Amino acid sequence: MTNPIQTIKDLTQSALGDINAASTLADLEKVRVAVLGRKGELAGISKTFGSMAPEDRARAGQLLNEAKATLEKSLEDRKHMLESSESDQRFQAEWIDLSVPPQGIAPGHIHPVTQVQDEIEQLFISMGFRVLDGPEVETDYFNFDALNIPADHPARDMQDTFWMTDGHLLRTHTSPVQIRALKKYGAPIRMIAPGRVFRNEEVDASHEHTFYQVEGMMVDRDVSVSHLIYFMQTLLSSVFGRKVTVRLRPGYFPFVEPGFELDIQCLICGGNGCAVCKQSGWVELLPCGLVHPNVISNCGLDPQEWNGFAFGLGLTRLAMMRYAIDDIRLLQSGDLRFLNQF
Amino acid sequence: MKFSYNWIRELVPGLKMDVATLAQQITMKTAECEGVHDPGAFPGASVAAVARAENSEPDSIIEIDNKSLTNRPDLWGHLGMAREVAAIVGLSVVDPVGELPLAVADGDLSITIENANLCARFSGQRVENVKVAPSPLWMQYRLNSLGVNPINNLVDVTNYVLCELGQPMHAYDADLLGDAIVVRAARKGESILALNGEKYALSEEDIVIADAQKPVGIAGIIGGNDTAIRETTKRIVLEAASFPAAHVRKSSSRLKLRTDASMRFEKGQDPENTVRALARAVELLKQISPGSQAAQPVDVYARKSTPPTIQLDIDWAERKLGRKLSTDDVINIFKALAFGVEQAGTRKLVLTVPSWRATKDISIPEDLVEEIGRMVGYASIVPQAPAVPAAPTARNPDHEQHSAVRATMVGQGFTEVSNYSFISDAEADMFGYPPEKLLQVANPIIAEQKYMRPALLPGIRRNLADNSRFFADFRLFEIGRIYGKGGDGAPVERTHLAAAIYGRETNGANLLEMKRVAQYLAPGSNVAPVKGQSKTMHPERAAHVEVGGRQVGHLYELHPGLLDRGRAAILYLDLDTLQGLPAQRQNYRPLRRFPTSSFDLSIVAGERDLVADLESKLRQFAGESLVSLQFLLIFPLPPGKKSVSFRLTVGAEDRTLTADEVTGIREGVVNGIKSSGYELRE
């Protein structure tokens, strides 16, 4: 009579061989049934235990359990391996060329001036400035008189105006929103007003009768030139994405006193002088100043108590600088060959 | 405005600064310098030859932006700029005007100012025994390099004084001028032949200088031809006067005549300068028309103003600039700028404004802050964030709406365009806009700018036509203002959205795609078919877009007659109306706990019966058991019929419907549909 213990060992060895030899899940299942099944070989051996001495029986039983565990573990491992190799094969067959251009509608594009405007709005909102709007068809009171530009003021020559037949005009700058904001909300206030403005002039590559500005104003107690420079430096560093050096020099605008032209150090040459800055190292960027006390009092506020700064930034110009656009007419052309680049 | 570097050096002795540095300093402290260049070519002699002949160094011309001199009438002459330069570099200026002769109000000239509002001061002086000849080379050279044409010695002297002192002058031939000079408003119907050969019809708003018979000059703008200097002139009357800025500007723009004189007067010239200008001119005439004999100047000073004084609190100025200021520095700055300085406390000054800065330039303490700021240099101010209360920023719901709409449109493949606010007559006609309802531009440059757009569509149509040359299919949109007249006739602006899907070959197939976009933009919106009205819509392919029963816009095919080729689906929304609607927010409904049942129905309907009508019938007959109604498909059935298929899903909140119940509901629907006059396809 064969030794059951030896039989278990032999069977385990040969079953392990069969498991590793199984190349499909179906073959593996056959091995499992043959060895571990209810009528399998290990089950057959356990039937022979009845004739054994009790101590041998215990030993054989323990051995049998160990063999079962070993084989089950081995079966499980092999099963996983075969499964993953089968899914691997299936996945292999499911290869897709993701370099193929997608079907359907490609995303559209936001106008470059809108993009610049949005950025500036977000920046100023983050610094506590509210974003306001005003009418484009204005009265000469808001566009000129209230801004300290009376009818016979030579400063009106600086801005060629579109007039309506009913006496209204198209705003020549976003500055009237300063007046509307102060009248409506009073002080203190921090606001910007982006929008479309108009100048009655011939259109060419560098002149447009329709363009965009953003007006900014802060009115509070003891607002100073140093605050103005702070905001301008913050604004321009954010717009150009790097530290920008600014300088103020005298400029004349009737609604500010003192008034400034703000220049930035040329970003192309770093201030050494180049064609863009006409060898000066500086590029004129925006007019600004401390709000004229007449403007404050025109809005019903006491200029002894309240003062502030204001600035006007050309959004169109900024977009042109950023994207190196050399023909201003493209911006209002509606030409998708141009607009789809942004 | 051109400045001669050499001339400034003559007026500021000891000035060593090279011209490029000087120009830069002027830019930083006074007014914008646009460039430095050599004097222009001089007819008949080279620049170098003139310089050699005059034993002087070649000159340089500093070009200053006129716009930045708008508020500085004193800088429209070299003396004014020399004063600035002297203050900047810390030197003194020499006054080219010598001792002033005593002027009388009543002399050998009769001068009458009818209204002091029309002329603050008029000074005149007879000069006898003059001889008309070319000016000496140095004077011609200097005038020429400043862009003034040399004419003859008498005229050149007046122009030289203009360039030097900024005071416009005029020289009359005394033999052609009547005895009495009157400054008055022009009379209705008067006209004048001016020095430039043009005849000007005058209005009562113009100021003239006249003799007993007629006007001899338009005040502050140009002299008359009949009394002008000619070859034979033997004696002259010199005029130096002060005219009100606003009047001169108004006349100059009405007559469309801008002269060196009018440009200066409209900035507000210093009346103190008139007699000084006469004295300087007489002195120059002695040099260049030897033998000339000047009479006593006659001076009528109709309205003299006292030099203004302004209180300055230096601590207040510190707060304005955001920079420390020492009292001594401030005092020195104002002394250098020729202000009268009086100390009125440790940190308080009383400043007397020099007459040449008092006309329009400096009148309030804020003006003084600028003087201090530019002289200490704005670069000395350290940027500083203000201390302000931390509070949420007030939002702008309109901009938030526009951003959200843009994001949606871009996601749906639309590119943003920006069109002009103007439309032409032809466009108003093409789109059927009644002109009387449009805002009209009074002074358009071109015909395309005649009206303000009452809708975005004309621009969009141009975009479609333009881009169709390059693209077979595209999508674009615009968010922009439209303009109209309100009930009271006042202008009204609203913000609209116009979107277009263009297809060269699509024949209108994009309309349902556009309907999908509408539902993205305005969730819950209803598209209700209507007959296309107006010239813009395809008559059979148009619908209202409604939200909560309120019309917010249109969905339609652009009238095919408006495009040369291709078709375009248009979505047009009034964003302001949409913005004004109440927010649609509702509580959630509990998730369904019991299974539902579905069945399909195909209804045979007339070719032009609306699917929406079938849907509402189905909802009506299915009653409250209806969980969802899904449109499946449509196909045509000849003749003049179509089959429309739906899937109805039914259920109950509290149990599973039995097969009999579902059948019952189905029969109810089928009977209802049949009794409504439709058939069912089995």
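A quick note: this is a predicted structure, and the numbers were derived from the prediction, not measured.

(A) Broad picture of the overall build of chain B. When helices and strands are tallied, chain B shows 19 helices and 31 strands. A compact globule built from 682 residues would reach a C-alpha radius of gyration of about 26 Å, whereas chain B, at 40 Å, exceeds it by more than 25%. Principal axes of the C-alpha set define a box for chain B whose edges measure 130 × 60 × 50 Å. A burial count over chain B gives 42% of its 682 residues as buried.

(B) The confidence of the model for chain B, seen in detail. Residue and element names in this part refer to chain B. Averaged over every residue, the pLDDT of chain B is 93; residues scoring 70 or more account for 98%. Element-level pLDDT for chain B is lowest in helix α3 (residues 47–53), with a mean of 66, against a maximum mean of 98 in strand β19 (residues 415–416). Across the interface, the model reports ipTM at 0.88; the global pTM reads 0.86.

(C) Just the domain arrangement of chain B, in detail. Residue and element names in this part refer to chain B. Domain boundaries in chain B define domain 1 (2–89), domain 2 (110–301), domain 3 (309–378), domain 4 (398–580) and domain 5 (597–681). The C-alpha-based centres of domain 2 and domain 3 are spaced at 36 Å. Between domain 2 and domain 3, the residue contacts involve six residues of the former and four residues of the latter. Residues that form the side of domain 2 that touches domain 3 fall into these classes: one nonpolar, two polar and three charged.

(D) Geometry of the pairing of strand β10 (residues 207–210) of chain B. Residues and elements named next belong to chain B. Residues Ile207 and Ile209 line one face of β10 and the alternating positions Val208 and Ala210 line the opposite face, and both faces are buried. In this structure, strand β7 (residues 180–185) lies alongside β10, joined through four bridges in antiparallel fashion. By the bridge assignment, Val182 is partnered in β10 with Ala210. The pairing of β10 with strand β11 (residues 215–218) spans three bridges and is classified as antiparallel. Bridge assignment links Ala210 to a residue of β11, and that residue is Pro215. Counted along the chain from β10 to the antiparallel partner β11, the turn is four residues long.

(E) View of the nonpolar core. With 187 residues, the main nonpolar core has Met232(A) and Ala281(B) as its most contacted residues. It is helix α9 (residues 273–288) of chain B that contributes the most residues to this core, nine residues altogether. Among all residues touching Ala281(B), those that are not within four sequence positions of it are Val157(B), Thr158(B), Val161(B), Met169(B) and Leu238(B). Judged by nonpolar contacts, the second largest core, of 44 residues, contains Leu339(A), Leu456(B), Val552(B) and Leu571(B).

(F) Focus on the sheet that holds strand β8 (residues 282–291) of chain A. Residues and elements named next belong to chain A. Judged by pairing direction, the sheet is mixed, and its seven strands sit side by side in the order β1-β4-β5-β9-β8-β7-β6 without closing on themselves. Looking along the sheet, the strands with just one partner apiece sit at the ends: β1 (130–131) and β6 (246–250). Across eight bridges, the pairing between strand β7 (residues 256–265) and β8 is antiparallel. Bridge assignment links Glu261 to a residue of β8, and that residue is Pro287. Packed onto the sheet, helix α8 (residues 225–240) meets β6, β7, β8 and β9 (307–314) and runs at close to 135 degrees relative to β6. Across the face of the sheet, helix α10 (residues 315–323) comes into contact with β4 (189–198), β5 (210–220) and β9 while running at roughly 50 degrees to β9.

(G) Up close: the interface of chain A and chain B. Across the contact, 63 residues belong to chain A and 76 residues belong to chain B. Partitioned by chemical class, the residues of the side of chain A that touches chain B number 30 nonpolar, 18 polar and 15 charged.

(H) Fine view of the sheet that holds strand β24 (residues 526–530) of chain B. Residue and element names in this part refer to chain B. Within the open sheet, the seven strands sit side by side as β19-β22-β23-β27-β26-β25-β24. Their pairing is mixed. Across the chains shown, the open sheet's two edge strands, defined by having one partner strand only, are β19 and β24. Taken together, the five bridges between β24 and strand β25 (residues 537–547) define a ladder with antiparallel strand orientation. From the neighbouring strand, Val527 faces β25, where its bridge partner is Val545. Set on the sheet, helix α13 (residues 397–411) makes contact with β19, β22 (473–485) and β23 (491–503); between it and β22 the angle comes to about 160 degrees.

(I) Just the environment of Gly664(B), in detail. Residue and element names in this part refer to chain B. With respect to the secondary-structure elements, Gly664 resides in helix α19 (residues 659–675). You can call Gly664 partly exposed: it has 13 C-beta atoms within 10 Å. When the C-alpha atoms of Gly664 and Ala622 are compared, they prove to be 10.0 Å apart, with 42 residues separating the residues in sequence.

(J) Looking closely at the packing of helix α11 (residues 327–336) of chain B against helix α12 (residues 365–376) of chain B. All names here are of chain B. Direction vectors running N to C along α11 and α12 enclose 100 degrees, while the axes themselves pass 10 Å from each other. Relative to α12, the element α11 lies roughly perpendicular. Along its contact with α11, which presents Asp329, Val330, Ile333 and Phe334, the element α12 presents Glu371, Ile372, Met375 and Val376. Of the residues belonging to the contact of α11 with α12, the class tally is six nonpolar, no polar and two charged.

(K) A look at unusual backbone geometry. In the segment running from Ala187(A) into Pro188(A), the intervening peptide bond is cis, with an omega of 0 degrees. Within the secondary structure, Pro188(A) sits in the loop between α7 (176–185) and β4. At Lys256(B), a residue that is not glycine, the phi angle is positive and equals roughly 50 degrees. Since 8 C-beta atoms lie within 10 Å of it, Lys256(B) is described here as exposed.

(L) Region of the structure containing the packing of helix α18 (residues 611–622) of chain B against α19(B). Residue and element names in this part refer to chain B. Direction vectors running N to C along α18 and α19 enclose 135 degrees, while the axes themselves pass 8 Å from each other. Relative to α19, the element α18 is oriented oblique. Between α18 and α19 lies a crossing whose hand is right-handed. Between α18, through Lys617, Leu618, Phe621 and Ala622, and α19, the contact on the second element is made entirely by Ile665, Gly668, Val669, Gly672 and Ile673.

Conventions adopted
- Numbers given to residues run from 1 along each chain, matching the order in which its sequence is written.
- Both sets of labels track the order of writing: A upward for chains, 1 upward for ligands.
- Predicted model: local features are reported for residues with pLDDT of at least 70 only, side-chain atom pairs are reported and counted for 80 or more only, and whole-chain, interface and lining totals are derived from all residues.
- Note on conventions: DSSP H or I runs of at least 4 residues are helices, E runs of at least 2 residues are strands, and numbering of each starts at the N terminus.
- For a compact globule the rule gives 2.2 Å times the number of residues to the power 0.38, and the radius of gyration it is set against comes from C-alpha atoms.
- Any residue surrounded by 20 or more other C-beta atoms within 10 Å of its C-beta is treated as buried, while 12 or fewer makes it exposed and the intermediate range makes it partly exposed; C-beta atoms here are placed from the backbone.
- Scored between 0 and 100, pLDDT is the confidence that the predictor attaches to each residue.
- Where each domain starts and ends comes from a domain assignment, either automatic or drawn from a database.
- Two residues form a contact once the distance between their C-beta atoms, set from the backbone, is within 7 Å.
- Classification convention: Asp, Glu, Lys, Arg as charged; Ala, Val, Leu, Ile, Met, Phe, Trp, Tyr, Cys, Pro as nonpolar; all other residues, Gly among them, as polar.
- In this description, strands pair whenever DSSP reports at least two bridges between them.
- Nonpolar cores are built from buried Ala, Val, Leu, Ile, Met, Phe, Trp, Tyr and Cys residues. These are joined into a set through C-beta atoms within 7 Å.
- Here an angle of 0 to 180 degrees is reported between the N-to-C directions of two axes, which are lines fitted to C-alpha atoms, with helices fitted over the stretch in contact.
- Geometric relationships in this document are graded by angle, where less than 35 degrees denotes roughly parallel, more than 145 denotes roughly antiparallel, 65 to 115 denotes roughly perpendicular, and other angles denote oblique.
- Left-handed is the label given to a crossing in which the near helix is rotated counterclockwise from the far helix by less than a right angle, and right-handed is the label when the rotation is clockwise.

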